[in-house]
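Topology and contacts: notes
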Amino acid sequence: MKIPRLTPPGKLTSYPPPEKWDDWVEYDPKRWPERVPRHYTIVPTICFNCEAACGLLAYLDKETLEVRKFEGNPYHPGSRGKNCAKGPATINQVKDPERILYPLKRSGARGEGKWERVSWESALDDIGARIRKAIDEDRRNEVMYHVGRPGHERHMDRVLQAWGIDGHNSHTNICSSAARLGYALWLGSDRPSPDPAHARFILLLSAHLESGHYFNPHAQRILEGKLSGAKLAVMDPRLSNTASVADEWLPTWPGSEAAVLLAMARTLLVENLFDRDFVRDWVNWQDYMKACHGEDDASFDAFIEALVEHYAEFTPEFAEKESGVPAEQITRVARQIGAAGNRFASHVWRGAASGNLGGWQVARALQFLTVLTGSVGTKGGTLPHSWNKFKPEFWEDPKPHEQWNELLFPKEYPLSHFEMGFLLPHLILDGRGRLEVYFTRVHNPVWTNPDGLAWMELLRDEKKMGLHVALTPTWNESAFFADYILPMGLASERHDIQSQETHAGKWVSFRQPVARVAMERRGQKVELTHEANPGEVWEEDEFWIALSWKIDPDGALGIRKHFESPYRKGEKLTVDDYYRHVFENSVPGLPEKAKEEGLTPLQYMRKYGAFEIENNVYELYQREVDSSKGEDGVEVGGKTRRGFETPSKKLELYSSTLAEWGWPEYAMPGYIHSHVHPSNIDGSKGDFVLIPTFRLPTQIHTRSANSKWLNEISHRNPIWIHTGDAKRLGVSTGDLLHVATEIGYFVNRAWVTEAIKPGILACSHDLGRWRLKPDEGSRWTSTIVRFEDYGSGTRLRHVETLSTFPSSDPDSSRIWWSDGGVHQNLAFPVQPDPISGMHCWHQKVTVQKAPREDRYGDVFVDRSKSREVYHRWLAQTRPPTGKLRRPLWLGRPVKPALKMFEF
Ligand code: SF4
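The structure displayed is predicted, hence computed values, not measured ones. (Residues numbered from 1 in each chain as written. Predicted model: local features only at pLDDT ≥ 70, side-chain atom pairs only at ≥ 80, totals over all residues. Heavy atoms only, no water.)

Helix and strand counts for the chain come out as 26 helices and 32 strands. At 27 Å, the chain has a C-alpha radius of gyration in line with the 29 Å of a compact globule built from 903 residues. In the chain, which comprises 903 residues, the proportion classed as buried is 65%. In the chain, 72% of the contacts between residues at least 6 apart in sequence involve partners at least 24 apart. Carbon and sulfur atoms form 49% of the exposed surface of the chain, whose accessible area is close to 31,700 Å². In the chain, which carries 114 positive and 120 negative side-chain charges, the distance between the mean positions of the two groups comes to 3 Å. (Helix = DSSP H or I, 4+ residues; strand = E, 2+ residues; numbered from the N terminus. Rg over C-alpha atoms; globule rule 2.2 N^0.38 Å. Buried < 20%, exposed > 50% of the residue type's maximum accessible area, 1.4 Å probe, protein only. Contact = heavy atoms within 4.5 Å. Areas by Shrake-Rupley, 256 points an atom, 1.4 Å probe, with all protein chains shown as cover. Lys, Arg positive; Asp, Glu negative; His and termini not counted. Charge placed at Lys NZ, Arg CZ, Asp CG, Glu CD.)

Here is the structure:
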């Protein structure tokens, strides 16, 4: 049986056929024109750089098993053999001469930079004993796992529930929680899964063709849609590469996007360009009529009339006033959306949603257009992500924990999506708890979060932070302040299951330690993955199993049993046991497909690295369910249908959740004035809005620091400023700008351009890495800095620029760039949205040409002001007055027992 490739063969798609993956021969390019054959063994895995989880093929030297390069995997349903620049650049990360290869324990004071090499066994003994003590003494909430890059479906949920702790913390509230809440209120499902390949009109509130969520898989499909005739509109104050190829660029004032979208929705309504049948059948309009008009049996026509009235204010002219986008353009785009019928695909994830106070209403307003056009779950429309994402099932699940951790879900944020992770230092300073053991997993809170000095203060404080364990493949700014640095594998050095909603299908893919797989292919036995990886780099699966046995060596705590083999009673679980069980029992269709090839499901996944479970997954809400079997559904058209994952099972235009949880004025999709609304910005006083969130296509947060190719391409993050604004300030490209935030300032160079809206600045968040000591950090990108204390605050100052360094990689003596960028996030206060909990990234700043005493890269922060700003935003919340901490139906990662939702 031959498995079909997902990329048709062609000039640019000459992938090796799988029957030759065991011994693939290519001529050595370095020896050309001599024809010297090189033999490879090819093992599939998954990229670990962004969340898209694209497939990779690792080419290992057949003799030495050294990884020589990474290319795309044509059998991966999401990426279909293609990658962005960051995929193949994984080879730099694997071969980085500065990576951490052995477990390290600090030997001086925290942050002093003194380390000793320790064994895995002694690290496990120490950490395990401390966790056990915390559990024994009922201090379970003092154990916390804080994840930056996730990417292992359900695995950590299981580990943390087995330990009985409420300890899952995430980076979601500095990333996507606003958009998630907007979608969740409509659909239950908290992410959009657009189908642009089949759309007639595509609207992006992001830079999806060059970066962004599920970037490469989505970009491929947006281009397919465009090539098939779809029109593309992009809403972005910045003329991104994506906006530059759009049919319509709508450069909105930051935060005005919901006003524009609602004006489009109103146009669809008044011009009768909406799908009446779909809205009548699938929207909870009766709830709106009852709650807002006191009518129990209103007609649908009366509802439409009331809706037009409700949005009467949102004329295109009003939206123009708010956004600066011409009314005619707003109307023109709205009509094109209407003409697209139910083939309207759209997407917002970060950008406008994550930048603004009330940004969650941007997602809600965008989804309103999807609903009005009847494009929910259709071919060419936008699907709920849960239809397209696979979640594994295990042989047994620990029961939900009986804890509620106020450091994660404080009472002020009952609707937050999800943990208030970026507030941790402030919540601990408020006296709401301390931590005994804190794991950071591919997470760099000091650098990534706003108000990084608060994090440095917390991580240094041994009373508040008992033990900080950094699980990271490379140095980062938070690892400097760790007690242990435990090197975990990169994309080709670990196992994980990943599935993402990249299109209207469902797939599962398998990240693998490729050297281990290659060794096993040739009959070598490998007990633990660190035996096959470089140095003693391990993988988290085996680490968590081993640590759980250390916490509960005799099984008395009831933890160990969850980490015993489902096949050999009482024996330690192995990675083969784990994946064998998942692939044999929870992936529909995989056992049959594997059998056709004479393979077990695990062998199939080790061979191909991915499996397509379903394709063309459309209109699942229409499926009939059998209520006699206890299946939940909703009556529509005389039949009980699956519907959506909301309390009403319908699309919730009117959110009774918002009304009941203290925010009745926002129960409908609406427009909230952002903290950077024009009424708060006085251009005559030098005020600007800073957009600090955009990604570069060739960098990814803090994970690409040790990739030399990517750093050669992109190594600085100048401030985009419009030509007119620059002229007014007397600034040219390259001049230093002094950008003052509410708690301090930073100094960066100007890049004068027409590609940004006047009054707005933009600065990419991907660069500005730093290190305190020459040998702690990536010298490809990080600048040596010092922190200087002044009475009024603390200043970070660059003390050495980037330069060449000696290493086993000859390229380290060829570094020609000296600038690594500026760490702008350090100068930002926390700005938690009172409803979604999202950190509102955009900043109101004042800008001037830098005074003489400023130096490039300076960042100054007044910590007392950062506390003031936190308390001011906290005061905007409305804590619940009822018995519950959070609505039971709303998602929560690692959900505790239901009784824990009660105060
Ligand atoms: S989009 Fe690029 S960085 Fe993200 S997973 Fe795919 S190849 Fe890797």
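In this section: the packing of helix H7 (residues 257-270) against helix H14 (residues 360-372). Between H7 and H14, whose axes approach to 8 Å, the crossing angle comes to 20 degrees. Between H7 and H14, the angle falls in the class roughly parallel. The hand of the H7/H14 crossing is left-handed. When H7 is examined against H14, the residues Glu257, Ala258, Leu261, Leu262, Met264, Ala265, Leu268 and Leu269 are found in contact with a partner set consisting of Gln361, Val362, Ala365, Leu366, Phe368, Leu369 and Leu372. Residue composition of the contact of H7 with H14, by class: 13 nonpolar, one polar and one charged. (Axes fitted to C-alpha atoms, helices over the stretch in contact; angles between N-to-C directions. Parallel < 35°, antiparallel > 145°, perpendicular 65-115°, else oblique. Left-handed = near helix turned anticlockwise from the far one by under 90°. Nonpolar A, V, L, I, M, F, W, Y, C, P; charged D, E, K, R; others polar.)

Close to the ligand lie Cys47, Asn49, Cys50, Ala52, Ala53, Cys54, Asn83, Cys84, Lys86, Gly87, Phe215 and Asn216, which account for all nearby residues. Among the residues making up the shell around the ligand, the classes are represented as seven nonpolar, four polar and one charged. (Near = heavy atom within 4 Å.)

Among the nine residues that make up helix H17 (residues 452-460), seven are buried, leaving the element largely enclosed by the rest of the structure. Along H17, the residues that are buried comprise Gly452, Leu453, Ala454, Trp455, Met456, Leu458 and Leu459.

Okay, helix H3 (residues 155-163) next. With eight of nine residues buried, H3 lies mostly within the body of the structure. Of all the positions in H3, only His155, Met156, Arg158, Val159, Leu160, Gln161, Ala162 and Trp163 are classed as buried. Next to the buried residues of H3 lie helix H2 (120-136), strand E7 (143-147), strand E8 (168-170), strand E15 (435-441), helix H19 (540-551) and helix H20 (575-585). Just downstream of H3 lies Gly164, where phi reads positive at about 70 degrees.

Turning our attention to the pairing of strand E25 (residues 736-740). Among the five residues that make up E25, four are buried, leaving the element largely enclosed by the rest of the structure. Summarising the sheet, E25 and strand E26 (residues 744-753) pair through five bridges and their orientation is antiparallel. In the sheet register, Leu736 faces E26, and the bridge partner there is Arg749. Following E25, the chain reverses through three residues before pairing antiparallel with E26. Pairing between E25 and strand E31 (residues 843-849): four bridges, direction antiparallel. The partner of His738 across the bridge, within E31, is Gln848. (Pairing = 2+ DSSP bridges.)

With that out of the way, let us pick up the nonpolar core. Leu203, Leu261, Met264, Phe303, Leu369 and Leu651 are the most contacted members of the largest nonpolar core, which has 157 residues in total. Ranked by residue count, the leading element in this core is H7, at 10 residues. If we skip the residues at most four places from it in the chain, Leu261 touches Leu203, Leu205, Met235, Val362, Ala365, Leu366 and Leu369. Within the second largest apolar cluster, 62 residues are counted, among which are Leu124, Tyr145, Val582 and Met605. (Core = buried A, V, L, I, M, F, W, Y, C linked by side-chain atoms within 4.5 Å.)

Take the pattern of salt bridges next. Following the criterion strictly, the structure yields 82 salt bridges and no others. The salt bridge involving Glu51 is made with Arg695; its shortest N-O contact spans 3.2 Å. Here the residue Glu51 occupies a position in the loop between strand E2 (37-46) and strand E3 (55-61), and Arg695 occupies one in the loop between strand E23 (687-691) and helix H24 (708-713), the gap between them amounting to 644 residues. With a relative accessible area of 4%, Glu51 lands in the buried category. The class of Arg695 is buried, set by a relative accessible area of 8%. Across the pair Arg158 and Glu396 runs a salt bridge, and its minimum N-O distance is 2.4 Å. Linking Arg158 in helix H3 with Glu396 in the loop between strand E14 (382-384) and helix H15 (424-429), this pair joins segments that are 238 residues apart in sequence. (Salt bridge = Lys/Arg side-chain N within 4 Å of Asp/Glu carboxyl O.)

With that settled, consider the packing of aromatic side chains. What the rule picks out here adds up to 53 aromatic pairs. Ring geometry for Trp21 versus Tyr75: centroids 5.9 Å apart, planes at 75 degrees, classification edge-to-face. Of the two residues, Trp21 sits in the segment before strand E1 (24-27) while Tyr75 sits in the loop between strand E4 (67-72) and helix H1 (90-95), which places them 54 residues apart along the sequence. By the ring-pair criterion, three or more aromatic residues cluster together here, those being Trp120, Tyr145, Trp163, Phe439, Trp538, Phe543 and Trp544. The lysine or arginine in question, Arg580, covers the ring of Tyr567, its NZ or CZ lying 3.7 Å from the ring centre. (Phe/Tyr/Trp six-rings, centres within 6.5 Å; stacked < 30°, edge-to-face > 60°. Lys NZ or Arg CZ within 6 Å of the ring centre and 35° of its normal.)

Now for the side chain of Glu477. Residue placement: Glu477 occurs in the loop between strand E16 (465-471) and strand E17 (484-486). In terms of polar contacts, Glu477 uses its side chain to reach the side chain of Asn444, at 2.7 Å. Once residues lying within four places of it in the same chain are set aside, the contact partners of Glu477 are Asn444, Val446, Trp447, Arg769 and Trp770. (Polar contact = N/O pair within 3.5 Å; in protein donor to acceptor, adjacent residues only side chain to side chain.)

As a further point, take unusual backbone geometry. Note that the residue after Trp32, namely Pro33, is joined by a cis bond; omega there is 10 degrees. Cis geometry is found at the peptide bond from His417 to Phe418, where omega equals 20 degrees. On the secondary structure map, Phe418 appears in the loop between E14 and H15. The backbone of Tyr214 shows a phi angle near 50 degrees, a positive value even though the residue is not glycine. Mapped onto the secondary structure, Tyr214 falls in the loop between strand E10 (201-204) and helix H5 (215-227).

What follows covers the packing of H20 against helix H22 (residues 601-608). Across the interface, H20 lies against H22 with an axial gap of 8 Å and an inter-helix angle of 100 degrees. Relative to H22, H20 is oriented roughly perpendicular. Residues Asp576, Tyr579, Arg580, Phe583 and Glu584 of H20 pack against Pro601, Leu602, Met605 and Arg606 of H22. A per-class count over the contact of H20 with H22 returns five nonpolar, no polar and four charged.

Glancing now at the environment of Gly294. With respect to the helices and strands, Gly294 occurs in the loop between helix H9 (285-293) and helix H10 (300-310). Spatially, the C-alpha atoms of Gly294 and Ile700 are 51 Å apart, while their sequence positions differ by 406 residues.

The antiparallel open sheet is built from three strands, whose spatial order is E18-E19-E20. Of all strands in the sheet, those with a lone pairing partner are strand E18 (496-498) and strand E20 (610-614), marking the two edges. This sheet shows a mean twist of 20 degrees between the axes of neighbouring strands, independent of strand direction. The pairing of strand E19 (residues 506-511) with E20 spans four bridges and is antiparallel. If you follow Trp507 over to E20, its bridge partner there is Glu612. Against the sheet, H20 contacts E18 and E19, and its axis sits at roughly 25 degrees relative to E18.

Attention now goes to the side chain of Arg797. Tracing the chain through its elements places Arg797 in strand E30 (residues 793-800). We classify Arg797 as buried; its relative accessible area is 7%. Looking at Arg797, its side chain comes within polar contact range of the side chain of Asp858, at 2.7 Å. Here Arg797 is in contact with Ile784, Val785, Arg786, Glu788, Glu853, Asp854, Arg855 and Asp858, once residues within four sequence places are set aside.

The next subject is the pairing of E19. With six of its six residues buried, E19 lies for the most part within the structure. The alternating pattern of E19 places Lys506, Val508 and Phe510 on one face and Trp507, Ser509 and Arg511 on the opposite face, and all of these are buried. Sheet topology places E18 next to E19; three bridges connect them, and they run antiparallel. Among the inter-strand pairings, Asp496 is bridged to a residue of E19, identified as Arg511.

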